[in-house]
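# Topology and contacts: notes
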Amino acid sequence: MKISNIRTAVLGTPWRNLTYVVVETDEGLTGVGEARMLNHTDALLGYLAEAAPNHVVGSDPFDIESLVHRMYNLDYGRAGEIVMSGIACVEMACWDIVGKALGQPVYRLLGGAVRDRIKAYANGWYTVERSPEEFHAAARTVVERGYRALKFDPFGPGTMELDHAETMRSVSLVEAVRDAVGPDVELLVEMHGRFTAATASRLARLLEPYDPAWLEEPVPPDDVESLAKFAARANAPVATGERLHTRHEFRQLFALQAADIVQPDISHFGGILETKKLAATAETHHVLIAPHNVGGAVLTAANLHLAACTTNFKIQEHFNDFADSFVKDVAPGNPEVVDGYFALPTGPGLGVELDLDAVAEHPRQQANFNLFKEGWEKRDTTG
């Protein structure tokens, strides 16, 4: 079997464009991959247009290690977010093809299941005004949907520091959410790399009464020393990693014991197997893995297969129960979250089928999503 062609399609929403890659073979089997590029969709499409004839077309989709190695190394330049995302789309599509060819779910080809269900947390649920009343009501919808964990960034457009008024406002939002969901639901507090270590440490102390299950990306992702400084002060677990794109970028983080949970994004990290390799290294440092996932149904499927077969997996991020409901409809087949958990995928390959006609009904939008702009949490850039 050889790869004969790759095609791309973009699904638009008010705040994210999702790029799908369909890998075709000369035997008629196809596979699909997905990435959400934050404001860089054209760059991804451009890379794929060049990579297809240079590295992909003519390859055996079973030879995934060889394909990833060529795409990563043979262009000579250092691979970053764009290249690793392109590799990831093709890589997960190849796993989809291999699973379909063998009639097996992908996780069974990566060592088999180590759990019978996959814990999930909700994100994208707080598209409301930054008031305690609004956050309280929105959080209630999450637990009513069955989730037992939810993540949110209460800090508005904060950068480096927060003045006293904004600090108190942010803390009041966390207090409101804890009050809404009760003591038994996990609160995952996101900081989006906004702060200095000193500011993040002060916020961590103020949030202690609300028992955050983790504090995520407290400092910019390229400052591992500040992250280690923060981790040494924080009482809550520290999570980070969505903006690191290769295994090599995690070496110093592990050496400095700067995080308790790592959060690689499969779609920006070279794919499923690359992420599983990172998980194995994390396990040798007694670090858990909780992959970042802001994608649609195809990327969610890839995450579920990784979670199913990874021993140090902690919890899976999921947006699509609270944002852009049609995103799930274009690639049906995933299990739903029930009582806070996904069941294991059951179909061959990734277990989802992309409907390109449905994708075409939601054309790409000129979304310029800026997490440092007032009102970003409403996730609507069309106004």
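Our subject is the structure that appears above.
Described in the following lines is the structure provided in the data block. (Residues numbered from 1 in each chain as written. Predicted model: local features only at pLDDT ≥ 70, side-chain atom pairs only at ≥ 80, totals over all residues. Heavy atoms only, no water.)

In this structure, the largest pocket occupies an estimated 420 Å³ of space. Residue lining of the largest pocket: 24 residues in total, with Arg36, Leu38, Glu242, Arg243 and Leu371 positioned closest to the centre. The residue makeup of the lining of the largest pocket, split by class, is 7 nonpolar, 7 polar and 10 charged. Approximately 180 Å³ is the volume attributed to the second largest pocket. As for the second largest pocket, its lining consists of 12 residues, of which Lys373, Gly375, Trp376, Asp380 and Thr381 are closest to the centre. When grouped by side-chain class, the residues that make up the lining of the second largest pocket number 2 nonpolar, 5 polar and 5 charged. (1 Å grid on protein atoms, 1.4 Å probe; cavity = no way out; pocket = protein on both sides within 12 Å on 5 of 7 lines; lining within 4 Å. Points joined across faces, edges and corners; volume = space filled by probe spheres on them. Nonpolar A, V, L, I, M, F, W, Y, C, P; charged D, E, K, R; others polar.)

Turning next to the sheet that holds strand β2 (residues 17-25). Pairing within the open sheet is antiparallel, and its 3 strands lie in the order β1-β2-β3. Here the strands that pair on one side only, and so sit at the sheet edges, are β1 (3-12) and β3 (30-36). Along the sheet, successive strands turn relative to each other by an average axial angle of 20 degrees, direction set aside. Summarising the sheet, β1 and β2 pair through 9 bridges and their orientation is antiparallel. For Arg7, the partnering residue across the bridge sits in β2 and is Val22. On the sheet, helix α11 (residues 297-308) packs against β2 and β3 and is oriented at approximately 100 degrees with respect to β3. (Pairing = 2+ DSSP bridges. Helix = DSSP H or I, 4+ residues; strand = E, 2+ residues; numbered from the N terminus. Axes fitted to C-alpha atoms, helices over the stretch in contact; angles between N-to-C directions. Contact = heavy atoms within 4.5 Å.)

Where charged atoms from two side chains of opposite charge come close, those side chains can pair. For the structure on display, the rule yields 21 salt bridges. Arg364 is the partner of Asp42 in a salt bridge, and the nearest nitrogen-oxygen pair spans 2.8 Å. Of the two residues, Asp42 is situated in helix α1 (residues 41-56) and Arg364 in the segment after α13 (356-360); the sequence distance between them amounts to 322 residues. Assessed through its relative accessible area of 33%, Arg364 is described here as partly exposed. Lys378 is paired through a salt bridge with Glu129; the nearest N and O atoms lie 2.5 Å apart. Of this pair, Lys378 sits in the segment after α13 while Glu129 sits in the loop between β4 (117-122) and α5 (132-144), placing them 249 residues apart in sequence. Looking at Lys378, the relative accessible area reads 37%, which means it is partly exposed. According to the relative accessible area criterion, Glu129 is partly exposed, its value standing at 45%. One salt-bridge network, in which partners are shared between bridges, spans Glu65, Arg247, Glu274 and Lys277. (Salt bridge = Lys/Arg side-chain N within 4 Å of Asp/Glu carboxyl O. Buried < 20%, exposed > 50% of the residue type's maximum accessible area, 1.4 Å probe, protein only.)

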